[in-house]
Amino acid sequence: MAVKILALVSLIFYFLALVFGLMLFFNSDQRDLITSGEAYGYSTIDLPNIDNLQGLMNQEAEIGELIDQLESELASKTDDLKTVEAELKELKTQYAALEAKMGMYQRGEDMAIDYLRDKQVDGSVATLAMLEEAELRFFVRYAMPFMRQNAEYTKNYDKFLSAINQNVDLAKRISTLKSQTK
């Protein structure tokens, strides 16, 4: 009985080896086979018109060219924007500096008007003589040019200058500061 079972098992293995051998010999790959459902599905697909395909391919090429053109324009505009932003930053810096300078001139103008409005010229000169070196330099640089240009206070300016000239020490300090500012 064992011999019959062994013979039957060997026949089964022989048959399987024969089937697999034939499959390899004829290269019968199941992936290449099309089922009837697939064949029916493929037969129902409507193929587009070749002219339509060519038109779509032309449109795709045109769109690609437009995209490339727009990307180059974007890069150019981005560079322009960076340039404008740098110029704007520089102008803001210059504006801040000019605004600070304008504040200095405004303070000098206010100082000049305060000194010229004072009817007591001797008191103004005494106050001016007590100023520190930096304050006096500010007065010479910013207030005195306004005093010369202001026609409204011309009479007071002449009195003020003659009072400064009478104070020899103050006149010398102002003269030295004037020569340094030029």
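Basis of the calculations
- Residues numbered from 1 in each chain as written.
- Predicted model: local features only at pLDDT ≥ 70, side-chain atom pairs only at ≥ 80, totals over all residues.
- Heavy atoms only, no water.
- Core = buried A, V, L, I, M, F, W, Y, C linked by side-chain atoms within 4.5 Å.
- Buried < 20%, exposed > 50% of the residue type's maximum accessible area, 1.4 Å probe, protein only.
- Helix = DSSP H or I, 4+ residues; strand = E, 2+ residues; numbered from the N terminus.
- Patch = residues over 30% accessible without salt bridge, like charges linked within 9 Å, V, L, I, M, F, W, Y side chains within 5 Å.
- Areas by Shrake-Rupley, 256 points an atom, 1.4 Å probe, with all protein chains shown as cover.
- Salt bridge = Lys/Arg side-chain N within 4 Å of Asp/Glu carboxyl O.
- Contact = heavy atoms within 4.5 Å.

Caption draft 1: Structural view of the nonpolar core. One finds Leu128, Leu136, Phe139, Met147, Phe160, Ile164 and Ile174 to be the most contacted residues of the largest nonpolar core, which totals 23 residues. Breaking this core down by element, the ones donating at least two residues are helix H3 (50-117), helix H4 (121-129), helix H5 (133-149), helix H6 (154-166) and helix H7 (168-181). Considering every element that reaches this core, the biggest residue donor is H5, with six residues.

Caption draft 2: View of a nonpolar patch on the surface. Residues Met1, Ile5, Leu8, Val9, Ile12, Phe13, Phe15, Leu16, Val19, Phe20 and Met23 make up a contiguous nonpolar surface patch of about 1,100 Å² in total accessible area. For Met1, the location among the structural elements is in the segment before helix H1 (2-26).

Caption draft 3: Up close: the environment of Tyr142. Considering the arrangement of structural elements, one finds Tyr142 in helix H5. Measuring from C-alpha to C-alpha, the distance between Tyr142 and Tyr105 comes to 5.6 Å, with 37 residues separating the pair along the chain. Once residues within four sequence positions are removed from consideration, Tyr142 is found in contact with Met104, Tyr105, Gly108 and Glu109.

Caption draft 4: Quick look at the pattern of salt bridges. Overall, the coordinates contain one salt bridge when judged by the stated rule. Of the charged contacts, one joins Arg173 and Glu133 as a salt bridge, the two residues approaching to 4.0 Å between their closest N and O atoms. With Arg173 in helix H7 and Glu133 in helix H5, this pair connects stretches of sequence that are 40 residues apart.

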